[in-house]
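Listed below, chain by chain, are the residues.
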Amino acid sequence: MRNFFAQLFGGSCFLCRGSAAELLCKACDADLPRLTEPCCPRCALPSPRGEVCGRCLQEAPHYDATIAALAYAFPADVLVHALKFRGELALAGLLGGMLAEKIIPQGIDRVIPVPLSAARLRERGYNQSVEIARRLGAPLDLALCVRERDTPAQMDLPYAERKRNVRGAFRCTRSLGGARVAVVDDVMTTGATLNEVAAALKQAGAAHVVNWVVARTLPDV
Ligand SMILES: [Zn+2]
Ligand SMILES: [Zn+2]
């Protein structure tokens, strides 16, 4: 419907309300903080020559790789927030599309979104990670991993407590026999949630786990 009206009357940009043929006008689209600097292949934080960073060397995460499209900074944070909390599902197409440009789906056996607990899903009505993952063009495996424990939202907790908060929260429903799995999420901040998902996948026999995330929180510089 949006496209239909946009063609007839011209649409307005989701961010600046200026005229736009797409969800964003060209200027706002150009403002998005795309990640183009060399980064750690494992956690996607900046790393001068694109080598594995000191943090990952010191304490290797359960996931093997991370691909992120954007920095979690203005105005990408506005878009992610609107998708997650305001039901602006059209943004999943935009954000998923940006992620789709960066990922390499070859060699991946299964794609899963980070699951919400059943209670949280009922409350919100949708899982933003599922909506993003649907836009990647790869078949999704929604039943493979479940969130068993409802935990306080990570964003409400200090960084130091996030690891403990999600420990043991995920469980795989079947064995994975050496499969290569991609895990889709909207935002990666400390990586604690994705690390727990990867731990569950590895425990179920996954050989390789890669995170596909729309936005990566970067350290303050
Ligand atoms: Zn705009
Ligand atoms: Zn790293």
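Everything here concerns the structure above.
Residues numbered from 1 in each chain as written. Chains lettered and ligands numbered in written order. Predicted model: local features only at pLDDT ≥ 70, side-chain atom pairs only at ≥ 80, totals over all residues. Heavy atoms only, no water.

Moving on, we come to the packing of helix H8 (residues 159-166) against helix H9 (residues 192-203). Packing of H8 against H9 brings their axes to within 8 Å, and their N-to-C directions diverge by 25 degrees. Classified by the interaxial angle, the pair formed by H8 and H9 is roughly parallel. Two packed elements cross with a definite hand, and for H8 against H9 that hand is right-handed. Contacts between H8 and H9 pair Arg162, Lys163 and Val166 from the former with Ala192, Thr193 and Glu196 from the latter. Of the residues contributing to the contact of H8 with H9, the split by class is 2 nonpolar, 1 polar and 3 charged. (Axes fitted to C-alpha atoms, helices over the stretch in contact; angles between N-to-C directions. Helix = DSSP H or I, 4+ residues; strand = E, 2+ residues; numbered from the N terminus. Parallel < 35°, antiparallel > 145°, perpendicular 65-115°, else oblique. Left-handed = near helix turned anticlockwise from the far one by under 90°. Contact = heavy atoms within 4.5 Å. Nonpolar A, V, L, I, M, F, W, Y, C, P; charged D, E, K, R; others polar.)

Protein ligation of the zinc ion (ligand 1) involves Cys13 (SG), Cys16 (SG), Cys25 (SG) and Cys28 (SG), the donor distances falling in the range 2.3 Å. Geometry at the zinc ion (ligand 1) is tetrahedral, judged from its 4 donor atoms and the angles of 105 to 116 degrees they form at the metal. Along the chain, the residues donating to the zinc ion (ligand 1) fall in the pattern C-x2-C-x8-C-x2-C. Placement of the pair is Cys13 in the loop between strand E1 (11-12) and strand E2 (19-20) and Cys28 in helix H2 (residues 26-31), with a sequence separation of 15 residues. By relative accessible area, which is 12% here, Cys28 ends up buried. (Donors = N, O, S within 2.8 Å, 3.2 Å for Na, K, Ca; no water. Tetrahedral: all angles 85-135°; square planar, octahedral: opposite > 155°, others 65-115°. Buried < 20%, exposed > 50% of the residue type's maximum accessible area, 1.4 Å probe, protein only.)

Moving on, we get to the coordination of the zinc ion (ligand 2). All of the protein donors around the zinc ion (ligand 2) are Cys40 (SG), Cys43 (SG), Cys53 (SG) and Cys56 (SG); their distances to the metal are 2.3 Å. Coordination at the zinc ion (ligand 2) comes from 4 donor atoms whose angles at the metal span 106 to 114 degrees, giving a geometry best classed as tetrahedral. Every donor residue of the zinc ion (ligand 2) comes from the same chain, spaced as C-x2-C-x9-C-x2-C. A residue pair is termed long-range when its members are at least 10 positions apart, and Cys43 in the loop between H2 and helix H3 (54-58) and Cys53 in the loop between H2 and H3 qualify at 10 residues.

The next subject is unusual backbone geometry. Excluding glycine, residues mostly have negative phi values, and the peptide bonds linking residues are mostly trans. Cis peptide bonds are those with omega within 30 degrees of zero, and the linkage from Phe74 to Pro75 qualifies with -5 degrees. Topologically, Pro75 is positioned in the loop between strand E3 (65-71) and helix H4 (76-85). Residue Arg17 is not a glycine yet carries a positive backbone phi of 65 degrees. Here Arg17 shows up in the loop between E1 and E2. Accessibility expressed as a relative area gives 57% for Arg17, which makes it exposed. For Ala44, which is not glycine, the phi dihedral falls at a positive 70 degrees. Within the element layout of this structure, Ala44 appears in the loop between H2 and H3. Judged by its relative accessible area of 3%, Ala44 falls in the buried class.

Let us now look at H9. Given a rise of 1.5 Å per residue, 12 residues ought to cover 16 Å, and the 16 Å separating the end C-alpha atoms of H9 matches this to within 8%. Along H9, the positions that sit buried rather than exposed are Ala192, Thr193, Leu194, Asn195, Glu196, Val197, Ala198, Ala199, Ala200 and Leu201. Taken together, the buried residues of H9 touch strand E4 (110-113), strand E5 (145-147), H8, strand E6 (170-172), strand E7 (180-188) and strand E8 (208-216). One or two residues past the end of H9 sits Gly205, with phi positive at roughly 105 degrees. (Expected span 1.5 Å × (residues − 1).)

Glancing now at the packing of aromatic side chains. Applying the stated criterion across every chain yields a total of 0 aromatic pairs. The ring of Phe14 carries the charged tip of Arg17 above its face, separated from the ring centre by 5.6 Å. (Phe/Tyr/Trp six-rings, centres within 6.5 Å; stacked < 30°, edge-to-face > 60°. Lys NZ or Arg CZ within 6 Å of the ring centre and 35° of its normal.)

Right, let's get into the sheet that holds E3. What the 4 strands build is an open sheet, ordered E3-E8-E7-E4; its pairing is parallel. One side of each edge strand has no neighbouring strand; the edge strands of this open sheet are E3 and E4. Strand after strand, the sheet turns through a mean of 20 degrees between neighbouring axes, direction not considered. Pairing geometry for E7 and E8, over 8 bridges, is parallel. For Met188, the partnering residue across the bridge sits in E8 and is Arg216. Its contacts with the sheet place helix H5 (residues 90-100) against E3, E7 and E8, and it is angled at close to 130 degrees to E3. (Pairing = 2+ DSSP bridges.)

We now examine the nonpolar core. The biggest cluster of nonpolar side chains holds 36 residues, and the ones touching the most others in it are Leu99 and Trp212. Among the elements of the structure, E3, H4, H5, helix H7 (128-134), E7 and E8 are those that each provide at least two residues to this core. Residue contributions to this core peak at 6 residues, all from H5. Excluding residues that lie within four positions of it along the chain, Trp212 makes contacts with Ile67, Leu99, Ile103, Ile104, Pro105, Ile108, Val111, Leu136, Ala182, Val183, Val184 and Asp185. Core analysis: the next-biggest nonpolar cluster, separate from the first, contains 31 residues, Leu35, Ile112, Cys172 and Ala204 among them. (Core = buried A, V, L, I, M, F, W, Y, C linked by side-chain atoms within 4.5 Å.)

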